[in-house]
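# A structural walkthrough
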Amino acid sequence: MKKTLYLKFVLAYFIFGVFSFIIVATFVPSMTREHLLREKAENLYVEATLISDTYALELYTSKTDLETVKAQLDALAVYLESIIRIINPSGRLILDTDSPLNVEEEVIIENFDPTVASGSYYMVNKFFDNFDSEMLSVLAPITTNYKVKGYVVIHCDMADIQDACNSLLNISYITLIILFLLSLIILIFFTEMVYVPLRKITHATEQYASGNMHYEFQVESDDEIGYLAACLNYMANQIANAEDDQKKFVANVSHDFRSPLTSIRGYLEAMLDGTIPPQMYEKYLNIVLNETERLTKLTNSLLSLNNLNTKGMLLNRSDFEINRVIRTTAASFEGTCRKKTLAIELILTDDEMYVNADMDKIQQVLYNLLDNAIKFSHHDSVIKVETSVKKNKLFISVKDTGIGIPKDDLKLIWDRFYKSDLSRGRDKKGTGLGLSIVKEILHCHEEHINVISTEGVGTEFIFSLPLSEKNDDED
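Our subject in this report is the structure included herewith. (Residues numbered from 1 in each chain as written. Predicted model: local features only at pLDDT ≥ 70, side-chain atom pairs only at ≥ 80, totals over all residues. Heavy atoms only, no water.)

### Focus: the nonpolar core
Under the convention used in this document: We call a set of buried residues a nonpolar core when its members are Ala, Val, Leu, Ile, Met, Phe, Trp, Tyr or Cys and they connect through side-chain atoms within 4.5 Å of each other. Accessibility here uses a 1.4 Å probe with only protein chains present; expressed as a share of the type maximum, an area under 20% marks a residue as buried, one over 50% as exposed, and anything in between as partly exposed. Elements are defined by DSSP. Helices are runs of H or I of four residues or more, strands are runs of E of two residues or more, and each kind is numbered from the N terminus. Should any heavy atoms of two residues lie within 4.5 Å, those residues are counted as being in contact.
Grouped together as the largest cluster of nonpolar side chains are 40 residues, with contacts concentrated most on Ile322, Leu369, Ile396, Ile449, Phe461, Phe463 and Leu465. Among the secondary structure elements, those contributing two or more residues to this core are α8 (322–331), β8 (354–358), α10 (359–375), β9 (382–390), β10 (393–400), α12 (434–444), β11 (449–454) and β12 (458–466). At seven residues, the largest contribution of residues to this core is made by α10. Contacts of isoleucine 322, omitting those with residues within four sequence positions, involve Met353, Val355, Ile362, Leu366, Leu394, Ile396 and Leu465.

Set out below in structure tokens:
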């Protein structure tokens, strides 16, 4: 991701601001002018109607004289900041607050026609060319005995209305600018809460893509971006651990293959160059044979572990009698137990107990656990294999009274090629893959295995298997 996202957001922000100003400058002035015009016209019409019903009507009914009406309308015109006129239907000017009263001079407004307003009570023009600039003119008829005697006309300069409109527009523009500046908070918020964390995440992905899986970064956020960053950190850590495990795996494989190969080569070279006399060939050939068996065992274990790790591996599940499998597996260690004077005690639930699993792989689990127990047990000790039923599970325990496993090593015993310091002296032929294979087999069965161990006391492995429905049928 380049800086395009941030630039796009900033560009969109300024485009929004420009369009806002364009819209305000295009529509708001006319709308504001129209609103002020109508409001002013309504107010002036109310005044014109009031004058026509009072002062003007009294003038036409001879209840008051022209001088009195002129004085009153002059004062009102100053208050309204406008020009008030009384005009006859013929266009003759009776009274004008903008001019002194002169009854001898007759003023006629040419082409005066109050109907040109088309039914409206106001008009915006030069009032029949009677003014040099546009005026807002409001007309109210003076009626008596249902006859129109004249008109009260109030004129307001449009320049005053435009000034008021401009004042309101200035307020609108200033408000828009303030809102635009305040909206910068959104841009700042986006920068700090979205863009900066995204840049950190992007830089981290670039580091990971270049192979630097140990690169760490921090995003202080509780939202989806923070969760994404945490997931990315976790993913990189897992990959880094996997890479470390792979390097360790290769190193362990190389070491475990190199040791027997070195022994085999050394003994064969010694035979060829005469260092080992012919009468001792049998002894050293047996050693070479044992080393080749060790290599074969290691290779088979690696192949088994690789197959178990393959996704989509199919288990050959079936219902089988687990007690028989336990007895058969224990019997296969009879020779080894006789050499170490060990005993395997079987404490099995019922005479027959059926489980649903892959029989060959479960037999391998039992073989590996018993092999470990025998390997690390003391002479003249007892290994117990016990089964128990809880709900719909059968739990199988393999317990020895051997050297035990140090507490710090309990979490590491499932790692490939791992051997604790206590076991290295006794486990000369072990590959360090037995427990890894056990865990992978049970993982494929979606079952678990636990270990309880005390250093110098012994170790117990307990794993579970699903019971078969055949047990219910036999009951």
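### Here we look at the pairing of strand β5 (residues 147–157)
The criterion, for reference: Here, any two strands with at least 2 DSSP bridges between them count as paired.
Two strands pair when backbone bridges link them, and strand β1 (residues 83–87) and β5 are joined in this way by five bridges, in the antiparallel orientation. Paired with arginine 85 across the two strands is valine 153, which belongs to β5. In the sheet, strand β4 (residues 135–144) pairs with β5 via ten bridges, with the strands oriented antiparallel. Looking across to β5, one finds that proline 141 is bridged to tyrosine 151. Between β4 and the antiparallel strand that follows it, β5, lie two residues; asparagine 145 among them carries a positive phi value of about 55°.

### Remarks on the sheet that holds β4
Note the cut-off: Think of each axis as a best-fit line through the C-alpha atoms, taken over the contacting stretch in the case of a helix, with angles from 0 to 180 degrees between the N-to-C directions.
Reading across the sheet, the five strands line up as β2-β1-β5-β4-β3 and stay open at both edges, with antiparallel pairing between neighbours. Two strands close off the open sheet at either side, each with one partner strand: β2 (93–96) and β3 (122–125). Neighbouring strand axes in the sheet, compared pairwise and without regard to direction, differ in orientation by 25° on average. Direction of pairing for β1 relative to β2: antiparallel, over a ladder of three bridges. If you follow arginine 85 over to β2, its bridge partner there is aspartate 96. The sheet strands contacting helix α4 (residues 158–182) are β3, β4 and β5, and the helix crosses β5 at an angle near 50°.

### Quick look at the packing of aromatic side chains
The description of an aromatic ring pair rests on the distance of the ring centres and on the angle between the ring planes. The condition that has to hold: Put simply, two rings from Phe, Tyr or Trp (the six-membered ring, in Trp's case) pair if the centres are within 6.5 Å, and we call them stacked under 30 degrees between planes, edge-to-face over 60, tilted for the rest. By definition here, charges over rings are those cases where NZ of Lys or CZ of Arg is within 6 Å of the ring centre and within 35 degrees of the ring normal.
Considering all chains together, one arrives at eleven aromatic pairs under this definition. Taken together, Phe112, Phe127, Phe128 and Tyr151 form an aromatic cluster joined through their ring pairs. The ring of phenylalanine 395 carries lysine 390 above its face, with NZ or CZ at 5.9 Å from the centroid.

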